Amino acid sequence: QVQLVESGGGLVQPGGSLRLSCAASGRSFSSYAMGWFRQGPGKEREFVSAISRIGRTTLYSDSVKGRFTISRDNTRNTVYLQMNTLKPEDTAVYYCAADGTFTTPRRESGEYDYWGQGTQVTVSS
């Protein structure tokens, strides 16, 4: 079992930056590929980014590629999402998720076993 807690959300102006963190408790954090998803107002949950178990492979959605960077520190049981050049359309609740099945990161939310409670990101002037 893995418990995930996101932090770092908030209100930021367009063009600004935020760094989200997701702290995992439980055993064997390095056994999980990790992902970030988001759900905007009136929208379905969508894939944002994912990272393999030891961080060698990353995936990004087209909408965030070049602006967001995912990373992980297995010594701290934490995965990060650095978000730069934020846009109003990035406004959403951001969730981290853990996948204990596949070694490579996945885009499909159904592949993930554990989810955090989410952190709100609002991009507005």
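The coordinates are above.
This structure is a prediction, so every number in the text was calculated from the model and none was measured.

Colleague: For the state of the cysteines, give the residues involved together with the corresponding values.
Modeller: Scanning the model with the defined rule gives one disulfide in all. Disulfide pairing is shown between Cys-22 and Cys-96; the S-S distance is 1.9 Å. Across the disulfide from Cys-22 to Cys-96, rotation about the S-S bond amounts to roughly 45°, and the bridge is consequently right-handed. On the criterion of sequence distance, the pair formed by Cys-22 in strand β3 (residues 18-26) and Cys-96 in strand β9 (residues 92-99) is long-range, its members being 74 residues apart. Since its relative accessible area comes to 0%, Cys-22 is described here as buried.

Colleague: An account of the pairing of strand β1 (residues 2-7) is requested, with residue identities and associated values reported.
Modeller: Residues Val-2, Leu-4 and Glu-6 line the buried face of β1, whereas the alternating positions Gln-3, Val-5 and Ser-7 sit on a face that is not buried. Where β1 meets β3, six bridges bridge the pair, whose relative direction is antiparallel. Residue pairing in the sheet places Val-2 in a bridge with Gly-26 of β3.

Colleague: Please provide a residue-by-residue account of the packing of aromatic side chains, values included.
Modeller: This structure, assessed with the given rule, holds five aromatic pairs. On the numbers, 5.7 Å between centres and 75° between planes, the contact of Phe-37 with Phe-47 is edge-to-face. Of this pair, Phe-37 sits in strand β4 (residues 33-39) while Phe-47 sits in strand β5 (residues 46-51); the two residues are ten residues apart in sequence, bridging distant segments of the chain. Taken together, Phe-37, Phe-47, Tyr-112 and Trp-115 form an aromatic cluster joined through their ring pairs. The ring of Tyr-95 has Arg-45 sitting right over it, with the charged end atom 4.1 Å from the ring centre. Above the face of the Phe-102 ring, Arg-106 is positioned so that its terminal group lies 3.8 Å from the ring centre.

Colleague: Requested: an account of the pattern of salt bridges, with residues and values cited.
Modeller: On inspection of all chains with the given rule, the structure shows five salt bridges. A salt bridge links Asp-73 to Arg-76, with the nearest nitrogen and oxygen atoms 3.3 Å apart. Judged by its relative accessible area of 59%, Arg-76 is exposed. Here the salt bridges do not stand alone but share partners, grouping Arg-38, Glu-46, Arg-67 and Asp-90 into one network.

Colleague: A description of the pairing of β5 should follow, citing residues and the corresponding values.
Modeller: Along β5, five of the six residues are buried, which leaves the element largely enclosed by surrounding structure. Relative to β5, β4 runs antiparallel, the two sharing five bridges. Considered in β5, the bridge of Trp-36 is made with Ser-49. Counted along the chain from β4 to the antiparallel partner β5, the turn is six residues long, and its residue Gly-42 has a positive phi close to 70°. Sheet topology places β5 next to strand β6 (residues 58-60); three bridges connect them, and they run antiparallel. Bridging from a neighbouring strand, Ala-50 pairs with Leu-59 of β6.

Cut-off values and rules
Residues numbered from 1 in each chain as written. Predicted model: local features only at pLDDT ≥ 70, side-chain atom pairs only at ≥ 80, totals over all residues. Heavy atoms only, no water. Disulfide = S-S within 2.5 Å. Helix = DSSP H or I, 4+ residues; strand = E, 2+ residues; numbered from the N terminus. Buried < 20%, exposed > 50% of the residue type's maximum accessible area, 1.4 Å probe, protein only. Pairing = 2+ DSSP bridges. Phe/Tyr/Trp six-rings, centres within 6.5 Å; stacked < 30°, edge-to-face > 60°. Lys NZ or Arg CZ within 6 Å of the ring centre and 35° of its normal. Salt bridge = Lys/Arg side-chain N within 4 Å of Asp/Glu carboxyl O.

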